Amino acid sequence: MKGRVLVVDDDPALAEMLGIVLRSEGFEPSFVAEGDRALAAFRDFKPDVVLLDVMLPGTDGIDVCRQIRAESGTPIVMLTARSDTIDVVLGLESGADDYVVKPFKPKELVARVRARLRRTDEPAAETLAIGDLEIDVAGHVVSRAGGSVALTPLEFDLLTTLARRPRQVFTREQLLEQVWGYKHAADTRLVNVHVQRLRSKIERDPEHPEIVVTVRGVGYKAGPP
Amino acid sequence: MTLDVVPPVVSELSLVGRLAQRWRSSLQLRVAATTFLLSGVVVALLGLYLQQRLTDGLLSAKVTAALTELDAGVTKADATLGSAYASDPAETETIVDSLFEDLKRATPTGLYDVALITTSSTENGRISGEISDTSIPARLTASVGEGNKAYAYAPLRYLDGHTVEGLIAGGPVISTGVGPYQLYYFFPLDQEEATIALVRRVLLTVGAMLVVLVVGVAALVTHQVVTPVRQAARSAQRFATGLLEERMRVRGSDELAQLATSFNAMAASLQSHIQRLESLSRLQRRFVADVSHELRTPLTTVRMAADMLHQSRSQFDPEVARSAELLQTQLNRFELLLADLLEISRHDAGAVELDTEPVELQQLVRQVVDDVRVLAERRACDVVLDLPGDPVVVDADARRLGRVLRNLLGNALEHGAGQPVEVSLRAGDGCAAVSVRDRGPGLRPGEAGLVFNRFWRADPARSRHTGGTGLGLSIALEDTRLHGGWLQAWGEPGRGAVFRMTVPLRVGASFAASPLPLDPTETESTQTAPAAPQPRDPVAAVLPGQPGMPQ
């Protein structure tokens, strides 16, 4: 599997090292050092995954993430130096699918990138219903009463995972495993933030969700169709 | 300056209770009430005295006038009757009549009345005006009958029925010929009464006004003193709630102005100190963030490079390959240490926030045990779980609680000497506790209090090959504290060690006792487990042999 990875990082040494690692794993990297040029590079290169440093000169990573999210659902993995809740949550809320905290191991990074590319495998033709939404799994389309709802691939996966087992309560760990593809030691904040983002797109009233329902102390489940 | 200070909550107090509360809380009310009582008593006494003196003065003048009149009358009657001698009662009657007429004529009309009364015969007395002779008190008649001049205060009864307070003076008329007569003068005291009543009214009015004035002055003076004090109290209260800009207004240069000036000086000094500390803390936070970023980016590159080298070490000379291995392992250590240092530095700077959510502790414990499986297998240590059937859910930061438990469990596996490590979970009253027990060499006396110290090692001579940065337990303690919980250690040489984390069901809620014993020997020696004694300091450790005694 050949994946195109856009690396947005201002540290030349780290960028070069990332290039070495990515190439050795069979990816095709491209580099941009300034946040201001990130969007243009994204349009030119059309990557499958974006690796985005949060701290950038000029436009910072959070803003770059919003710009890319505004026009594409391409998976974004943030590289952050801080594991503080606020930084992580801010990055995820701006649209990142995942984050890795520096210093990370090459294997860890590669695993995350692969996990984001994994879902490009051809899905089976399937139609699911959740709440008043209809999901065309193969066509990657979510629609409500004829109009389509735009979701990122990750949000789409999250929704289909819940919709496939309407009565099952998923713990955050289960969702991390099934949606993100992580078996161990991942951050459940990923799930929380993405559920919030998903709700803001599909719920009629995100304050009182009816499609993705919280089960207190356990996790989430699909609401009644 | 507008002051909005919420008064202390007074809930469902009776009126008496509220009054008592007001009495205790208001100096002004107490001063005003005391002044009212004291000035009221003084003014009342003074008024009574004045009225008494005035009445005495008025009446004694009246008495003197009455006695003078009586003397004159008696002398005249003596002269008239003393010289008269008549055997004929009719003649006597005429003489007495003419005497009475003379006496009556001498009285200014309406000012007073006169009576000439005989006591021996049945004949009626002669009385001018419309006064009934029943007005004369019996004791006065008796006294006059004994030959004295006397007077008495008595109501004057008029024939038409109305009575007026009066002074009655009487004296005997000495006569030889006709039967003994008594001469009485009736002085109505209605004018004096009116005067006294007027004086009483004036005194009452003036007294009341005086009391009101004094109380008013007292209230005003107290108000002037109390208001700045109240203002100072409010200012201090607002300052205490964090409004560091709060100052008192300084007016004039009296003692109260000095109070305000001193208060303001204190507030300014405190404010500058607090601001300096805050800016230090902000600097510290900023520094940590910067270090974090500046150090981690090159470290990431180094890390990745080392990994590349490590992966291809089979192609190197043995010495270079070993070097790559060393680089790799020491980088791991360095990373852990950096992460822990940054974390504890964030705690020190107060830059840590809890991300709370409902956490099921059984699930968390299982997950943590799963996380340390590799370490447990390497140490050939069994982990024995003792979890209750009912789910125990607390509101907490799952990441931090998980890290606390990972630290405790990692620590127990490190020092457990291959013996099974027991993890117990219990829900208690308002709290939940997890204890981790190992059966390793344990702690020497006094060490239970040291284990949470940064970079403390049980045995300095022991090699440092054990994993861990020396900060794990310190961070665990900070994380537990952040939840408002306790982290405590117990240990005895040869009997292993127990670390117990107790957290409230809701962050910051208070609880009294942990549901798990800290000292396991208590439950081992006695079948009925007594409640574990709680040290007052929630983070104090318990010395072996002195259960329950905080260090």
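Residues numbered from 1 in each chain as written. Chains lettered and ligands numbered in written order. Predicted model: local features only at pLDDT ≥ 70, side-chain atom pairs only at ≥ 80, totals over all residues.

With that out of the way, let us pick up the overall build of chain A. Summing up its helical and strand segments, chain A has eight helices and 12 strands in all. When burial is assessed residue by residue, chain A has 43% of its 225 residues classed as buried. Contacts in chain A between residues at least 24 apart in sequence constitute 54% of all its contacts with a sequence separation of at least 6. (Helix = DSSP H or I, 4+ residues; strand = E, 2+ residues; numbered from the N terminus. Buried ≥ 20, exposed ≤ 12 C-beta atoms within 10 Å, placed from the backbone. Contact = placed C-beta atoms within 7 Å.)

Let us now look at unusual backbone geometry. With an omega of -5°, the peptide bond between Lys102 of chain A and Pro103 of chain A qualifies as cis. In this structure, Pro103 of chain A sits in the loop between β5 (98-101) and α5 (106-118). With phi around 50°, Lys46 of chain A is a residue other than glycine that occupies positive phi space. Summarising the element assignment, Lys46 of chain A is placed in the loop between α2 (38-45) and β3 (49-53). The exposed category is assigned to Lys46 of chain A, around which 11 C-beta atoms lie within 10 Å. Although it is not a glycine, Ala380 of chain B sits at a positive phi angle of roughly 55°.

Moving on: the nonpolar core. Judged by nonpolar contacts, the single largest core of 64 residues is most densely connected at Val8, Val50, Leu51, Leu52, Leu159 and Leu162 of chain A. Counting only domains with at least three residues in this core, you end up with domain 1 (3-118) and domain 2 (127-222) of chain A. Once you skip the residues sitting within four places of it in the chain, Leu162 of chain A turns out to touch Ile130, Phe170, Val212, Tyr220, Lys221 and Ala222 of chain A. With 49 residues, the next largest nonpolar core counts Val394, Ala448, Leu473 and Leu518 of chain B among its residues. (Core = buried A, V, L, I, M, F, W, Y, C linked by C-beta atoms within 7 Å. Domains from an automatic or database assignment.)

Let's shift gears to the interface of chain A and chain B. Interface size is commonly expressed as the accessible surface area that is lost when the partners come together. Between chain A and chain B, the residue contacts involve 19 residues of the former and 22 residues of the latter. A total of five residues in the side of chain A that touches chain B trace back to one element, the largest contributor, which is helix α1 (residues 12-24) of chain A. Residue composition of the side of chain A that touches chain B, by class: 11 nonpolar, three polar and five charged. (Nonpolar A, V, L, I, M, F, W, Y, C, P; charged D, E, K, R; others polar.)

Turning to the sheet that holds β3 of chain A, a few remarks are in order. All names here are of chain A. Strand order in the open sheet formed by five strands is β2-β1-β3-β4-β5, and the pairing between neighbours is parallel. Either end of the sheet is taken by a strand with one partner, and the two such strands are β2 (27-32) and β5. Put simply, the sheet's adjacent strands are angled 20° from each other on average, direction ignored. Sitting on the sheet, helix α3 (residues 61-71) touches β1 (3-8), β3 and β4 (76-80), and the angle it makes with β3 is about 155°. (Pairing = 2+ DSSP bridges. Axes fitted to C-alpha atoms, helices over the stretch in contact; angles between N-to-C directions.)

Our focus in this paragraph is the sheet that holds strand β3 (residues 150-157) of chain B. Residues and elements named next belong to chain B. The five strands are arranged β2-β1-β5-β4-β3 in an open sheet whose pairing can be described as antiparallel. Of all the strands in the sheet, just β2 (126-127) and β3 have a single pairing partner and so form its edges. Across eight bridges, β3 lies against strand β4 (residues 163-173) in antiparallel orientation. From the neighbouring strand, Ala152 faces β4, where its bridge partner is Ile168. Packing of helix α4 (residues 138-145) onto the sheet brings it into contact with β3, β4 and β5 (181-188), and relative to β4 it is tilted by some 15°.

Next up on the list: the confidence of the model for chain B. Interpretation of this model should avoid reading the predicted coordinates in detail wherever pLDDT is low. Residue and element names in this part refer to chain B. Here chain B averages 80 in pLDDT, and 87% of its residues register 70 or above. With pLDDT under 50 throughout, residues 1-11 is counted as low confidence; its partners more than four residues away or in other chains account for six contacts. Low pLDDT, under 50, characterises residues 525-551; the predicted model gives this stretch 51 contacts beyond four residues in sequence or across chains. Across the interfaces of the predicted complex, the ipTM metric reaches 0.77, alongside a pTM of 0.57. (pLDDT = per-residue confidence, 0-100.)

In this section: the environment of Phe263 of chain B. All names here are of chain B. Tracing the backbone through its elements, the reader meets Phe263 in helix α6 (residues 255-311). Residue Phe263 is classed as buried on the basis of its 20 C-beta neighbours within 10 Å. In this structure, the C-alpha to C-alpha distance between Phe263 and Met248, residues 15 residues apart in sequence, is 7.2 Å.

Attention now goes to the pairing of β5 of chain B. Residues and elements named next belong to chain B. Burial analysis of β5 places eight of its eight residues in the buried class, which makes it a mostly covered element. With burial as the criterion, each face of β5 is covered, one bearing Tyr181, Leu183, Tyr185 and Phe187 and the other bearing Gln182, Tyr184, Phe186 and Pro188. Judged from the six bridges that link them, strand β1 (residues 113-118) and β5 form a sheet pairing that is antiparallel. Across the sheet, residue Val114 finds its bridge partner in β5, namely Tyr185. Pairing between β4 and β5: eight bridges, direction antiparallel. Bridge assignment links Gly166 to a residue of β5, and that residue is Pro188.

Residue and element names in this part refer to chain A. Among the five residues that make up β3, five are buried, leaving the element largely enclosed by the rest of the structure. A two-sided burial pattern is seen for β3, the buried positions comprising Val49, Leu51 and Asp53 on one face and Val50 and Leu52 on the other. As judged from the four bridges shared by β1 and β3, these two strands associate in the parallel manner. In the strand pairing of β3, Val8 is matched with Leu52.

Let us look at α6 of chain B. When the terminal C-alpha atoms of α6 of chain B are compared, their 81 Å separation across 57 residues agrees well with the 84 Å that a helix rising 1.5 Å per residue should span. Taken as a whole, α6 of chain B carries its principal kink of about 30° at Arg296 of chain B; the proline Pro298 of chain B stands between one and four residues after it. (Expected span 1.5 Å × (residues − 1). Bend = angle between axes of the 7 residues up to and from the residue.)

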